[in-house]
There are 2 protein chains.
Amino acid sequence: MKHKYYMAIALAAAARSARQGETPVGAVVVKDGSILAVAGNSREQDKDPTAHAEIVALRQAAKRWGDWRLYGSTVYVTLEPCPMCAGALLQARVKTVYYGASDPKGGALGSLMDMSFIQGFNHRLEVHGGLLADKAAKQLKQFFRSLR
Amino acid sequence: MKHKYYMAIALAAAARSARQGETPVGAVVVKDGSILAVAGNSREQDKDPTAHAEIVALRQAAKRWGDWRLYGSTVYVTLEPCPMCAGALLQARVKTVYYGASDPKGGALGSLMDMSFIQGFNHRLEVHGGLLADKAAKQLKQFFRSLR
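Parameters and conventions
- Residues numbered from 1 in each chain as written.
- Chains lettered and ligands numbered in written order.
- Predicted model: local features only at pLDDT ≥ 70, side-chain atom pairs only at ≥ 80, totals over all residues.
- Heavy atoms only, no water.
- Phe/Tyr/Trp six-rings, centres within 6.5 Å; stacked < 30°, edge-to-face > 60°.
- Helix = DSSP H or I, 4+ residues; strand = E, 2+ residues; numbered from the N terminus.
- Buried < 20%, exposed > 50% of the residue type's maximum accessible area, 1.4 Å probe, protein only.
- Contact = heavy atoms within 4.5 Å.
- Axes fitted to C-alpha atoms, helices over the stretch in contact; angles between N-to-C directions.
- Parallel < 35°, antiparallel > 145°, perpendicular 65-115°, else oblique.
- Nonpolar A, V, L, I, M, F, W, Y, C, P; charged D, E, K, R; others polar.
- Buried area = accessible area lost by both parts, 1.4 Å probe.
- Salt bridge = Lys/Arg side-chain N within 4 Å of Asp/Glu carboxyl O.
- Least-squares fit on C-alpha atoms with pLDDT ≥ 70 in both.
- Pairing = 2+ DSSP bridges.
- Polar contact = N/O pair within 3.5 Å; in protein donor to acceptor, adjacent residues only side chain to side chain.
- Core = buried A, V, L, I, M, F, W, Y, C linked by side-chain atoms within 4.5 Å.
- Expected span 1.5 Å × (residues − 1).

A. Layout of the packing of aromatic side chains. According to the stated counting rule, one finds 8 aromatic pairs over all chains in the structure shown. Ring centres 5.3 Å apart and planes at 50° place the aromatic pair B:Tyr5 and B:Tyr6 in the tilted group. Where B:Tyr6 meets B:Tyr76, the ring centres are 5.2 Å apart and the plane angle is 40°; that geometry is what we call tilted. Of the two residues, B:Tyr6 sits in helix H1 (residues 2-19) while B:Tyr76 sits in strand E3 (residues 74-79), which places them 70 residues apart along the sequence. Summarising the burial analysis for this pair, B:Tyr6 and B:Tyr76 share the class buried. Among the aromatic residues, ring-to-ring pairing joins A:Tyr5, A:Tyr6, A:Tyr76 and A:Tyr98 into one connected group.

Here you go:
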């Protein structure tokens, strides 16, 4: 099933981030059946507070697409997006978001808050959580265990 | 007074954005009395959904500072930040935000919602709105009038 396929790619990007010392989160942007971007969290390496996987992937995808508006696109991300990233997904006019593990402490697509729709904002996200959630959660757990 | 000085610089960056066909919003990041970054909104030119003035400025500032954590920094922005940017200011551990004009339709630091503090998030923003608000509002009004 294609959703699992794309999420598996996001998980591979997350695993790559972990090997580089980054919190393992990965994201894939798909539009019209093509992968426009695959990215992992690169906050430490890039010394960029905004370099969460979703933001890096959206920037790459928009550059490739030639327009910052990614209407009709789908984003696969291994961890529930934070408020910044949920805001970016709205700004980029992403249609659908599939995420893996929920983030009770920081998730903005249902856990901590729900930013899939913001009153007054002219766009809303269609959100599906829990796709390959066990694999994403396991990656994160292993990473944080390795830090101790 | 230094706050007005920094906001005047942000307004100059916003005016530059307007001349480039971008919605005029500008931002300045100050840390330890030094300007780390000055940036204007560049979403259209960069074809980047995340290239709001605040995000561009935070990325530059962190790169220059050598750490994505901008503890103790102050950000001056001509328009009240949107949810994505408010989230980014939190992620970057910015201490204080001064903004100019309020944004009743999209502002996330008091208007549409208040993201200066998010339950469960380990950081909060100190927010001051209305600094040189008239000038920022006038810039935006002129820009949107020129589009018609």
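Let's pick the thread back up.
B. How the structure looks around helix H4 (residues 83-91) of chain A. Across the 9 residues that make up H4(A), a large majority, 9, are buried. All buried positions along H4(A) are accounted for by A:Pro83, A:Met84, A:Cys85, A:Ala86, A:Gly87, A:Ala88, A:Leu89, A:Leu90 and A:Gln91. Tucked inside the fold, the buried residues of H4(A) contact helix H3 (53-65), strand E3 (74-79) and strand E4 (96-101) of chain A together with helix H2 (43-46) and helix H4 (83-91) of chain B. A:Arg93, located one to two residues past H4(A), shows a positive phi value of around 60°.

C. Spatial organisation of the packing of helix H1 (residues 2-19) of chain A against helix H5 (residues 133-147) of chain A. Residue and element names in this part refer to chain A. Running from N to C, H1 and H5 cross one another at 0°; their axes reach a closest spacing of 11 Å. Classed by the angle they form, the pair H1 and H5 counts as roughly parallel. Here H1 contributes Leu11, Ala14, Ala15 and Ala18 to the contact with H5, which in turn contributes Lys135, Ala136, Gln139 and Phe143. Residues belonging to the contact of H1 with H5 are distributed by class as follows: 6 nonpolar, 1 polar and 1 charged.

D. The interface of chain A and chain B, seen in detail. Taken together, the contact pairs 31 residues of chain A with 31 residues of chain B. In total, about 2600 Å² of surface goes out of reach between chain A and chain B, with carbon and sulfur atoms giving 64% of it. Across the contact surface, chain A and chain B share 4 salt bridges. Measuring nitrogen to oxygen at the nearest pair gives 2.7 Å for the salt bridge that ties B:Arg59 to A:Asp48.

E. The arrangement of the relation of the copies chain A and chain B in detail. Between the two copies, chain A and chain B, the superposition gives an RMSD of 0.0 Å; the rotation angle is 180° and the shift along the axis is 0.0 Å. Here the two chains are linked by the operation of a two-fold rotation axis. Looking at the rotation axis and the C-alpha trace of chain A, the residue lying nearest is A:Met84, at 2.2 Å. Mapped onto chain B, 100% of the interface residues of chain A again fall at the interface, so both copies present the same surface.

F. The pattern of salt bridges, seen in detail. The tally for this structure, following the rule as stated, stands at 7 salt bridges over all chains. Linking A:Asp67 and A:Arg69 is a salt bridge whose minimum nitrogen-to-oxygen distance equals 2.8 Å. A residue is classified by how much of its surface remains accessible, and A:Asp67, at 25% relative accessible area, is partly exposed. Each of A:Glu44, B:Asp67 and B:Arg69 takes part in a single network of salt bridges with overlapping partners.

G. Region of interest: the sheet that holds E3(A). All names here are of chain A. Sheet architecture is open: 5 strands sit in the order E2-E1-E3-E4-E5, paired in mixed fashion. Single-partner strands in this sheet number two, and they are strand E2 (34-40) and strand E5 (126-128). Shown here is a sheet whose adjacent strand axes are inclined to one another by a mean of 15°, direction ignored. Strands in contact with H3 are strand E1 (26-31), E2 and E3; relative to E2, the strand with the most contacts, it is inclined by about 145°.

H. Region of interest: the side chain of B:Ser73. All names here are of chain B. Residue position: Ser73 is located in the loop between helix H3 (53-65) and E3. Exposure remark for Ser73: the relative accessible area of 0% places this residue in the buried category. Leave out the neighbours within four places in its chain, and Ser73 touches Val29, Val30, Lys31, Val94, Lys95 and Thr96.

I. Inspection of the side chain of A:Asp48 at higher detail. You can see A:Asp48 is positioned in the loop between helix H2 (43-46) and H3. A distance of 2.8 Å separates a polar atom in the side chain of A:Asp48 from a polar atom in the side chain of A:Thr50. Setting aside chain neighbours within four positions, we find A:Asp48 in contact with A:Arg43, B:Arg59 and B:Trp68.

J. Inspection of the nonpolar core at higher detail. In this structure, A:Leu58 and B:Leu58 are the most contacted members of the largest nonpolar core, which totals 97 residues. Excluding residues within four positions of it along the chain, B:Leu58 makes contact with A:Pro49, B:Val29, B:Leu70, B:Val75, B:Ala88, B:Leu89, B:Ala92 and B:Val94.

K. The arrangement of H3(B) in detail. Residue and element names in this part refer to chain B. Taking 1.5 Å per residue as the helical rise, H3 with its 13 residues ought to reach 18 Å, and the 18 Å between its terminal C-alpha atoms agrees with that figure. Restricting attention to buried positions, one finds in H3 the residues Ala53, Glu54, Ile55, Val56, Ala57, Leu58, Ala61 and Ala62. Where H3 is buried, its residues contact strand E1 (26-31), strand E2 (34-40), E3 and H4. Just downstream of H3 lies Gly66, where phi reads positive at about 85°.

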